[in-house]
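The residues making up each chain are set out below.
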Amino acid sequence: MPKKAAEFIKSKITQEAQIGLILGSGLGSLADKLENADFIAYEDIPGFPKSTAPGHKGRLVFGRLSGKNLVCMQGRFHFYEGYSMEEIALPIRTLKLLGIESLIITNAAGGVNTSFEVGDLMVIKDHINMTGANPLIGPNADDFGPRFPDMSKTYTPSLRQKAHKAAEALGIKLHEGVYCGCTGPSYETPAEIKAFRVLGADTVGMSTVPEVIVAAHSSLPVLAMSLVTNMAAGVLDQPLSGEEVIEIGKKKSAQLQALVAEILYEL
Ligand code: HPA
């Protein structure tokens, strides 16, 4: 399936991409900044599902930014939308077959670490998979990687270092921490957030973990960053809302975009 998708894309797009970018809720407008942009709607790509989450557009955007050739997933597939883990894996493997050498992921996340504030950015150093699922379950895709992939350096240390260097150059505060991946779509309960904090989580969200596992399986270096769009359940005495997540995403996306653009210079 990924082979068919990649062949189709290659037949439509002449640009080659060195770096893949997956943009989170409210953060997709970076793709609008690419020079010489070429687009392919997910619905036109064989085997690709259609993205339905609010704030997500649903297309691949090829183009240049900071002197690098990129392919952006503007909109991603979430487990909570009902997509299978296999469907979530497909775009990552497709990007791998298109020849990307690294993958940058952004997400909107709840702040579990009580020293974090809404609007903060965090580079992910590791994750806790609370989805109860794994995209690699089933026959192993031997063409991509081994049955039991190592996950001990999944969030590539050299890329994290480059992110910190870029943040420093821009004067942006950048935390480093552990992302806890849940399925959603309900937000977590205060008791769950308390438990995740004890386990070592700093942010919590409903994406990224499946994509990162697939990337790790195919030895694709990963840099992932969370934008704290809200404090997680129970941290503040106020309800959580999806609108707030998208609103903060939009407000802070300029900073995250500037950071990604600066990181690209470093790659
Ligand atoms: N929990 C889960 N996912 C999220 C959150 C949250 O608090 N904020 C943004 N995405």
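The structure we're discussing is the one just above.
As the structure is a prediction and not an experimental result, all values here were calculated from the model.

Colleague: Can you break down the site of the ligand residue by residue, with the values?
Modeller: Taken together, A108, A109, G110, Y187, E188, V204, G205, M206, T229, N230, L240 and V245 are the residues near the ligand. Within the side chain of N230, a nitrogen or oxygen atom sits 2.6 Å from a nitrogen atom of the ligand. Considered on its own, the ligand offers 260 Å² of accessible surface; in the complex 96% of this is hidden by protein. At the level of elements, strand 5 (102–111), strand 8 (203–205) and strand 9 (222–231) are the ones that each hand at least two residues to the shell around the ligand. Examining the composition of the shell around the ligand, we find that three residues originate from one element, strand 5, more than from any other. Partitioned by chemical class, the residues of the shell around the ligand number seven nonpolar, four polar and one charged.

Colleague: Report on the packing of helix 3 (residues 157–170) against helix 6 (residues 242–266), specifying residues and quantitative values.
Modeller: Viewed as axis vectors pointing N to C, helix 3 and helix 6 meet at an angle of 120 degrees, and their least axial separation amounts to 9 Å. One finds that helix 3 runs oblique with respect to helix 6. Crossing angle aside, the handedness with which helix 3 passes helix 6 is right-handed. Residues K162, A163, K165, A166, A167, A169 and L170 of helix 3 touch helix 6, and the partners they reach there are A258, L259, E262, I263 and E266.

Parameters at a glance
Residues numbered from 1 in each chain as written. Predicted model: local features only at pLDDT ≥ 70, side-chain atom pairs only at ≥ 80, totals over all residues. Heavy atoms only, no water. Near = heavy atom within 4 Å. Polar contact = N/O pair within 3.5 Å; in protein donor to acceptor, adjacent residues only side chain to side chain. Areas by Shrake-Rupley, 256 points an atom, 1.4 Å probe, with all protein chains shown as cover. Helix = DSSP H or I, 4+ residues; strand = E, 2+ residues; numbered from the N terminus. Nonpolar A, V, L, I, M, F, W, Y, C, P; charged D, E, K, R; others polar. Axes fitted to C-alpha atoms, helices over the stretch in contact; angles between N-to-C directions. Parallel < 35°, antiparallel > 145°, perpendicular 65-115°, else oblique. Left-handed = near helix turned anticlockwise from the far one by under 90°. Contact = heavy atoms within 4.5 Å.

So, to be careful, I would describe these as geometric facts and stop short of saying anything about function.
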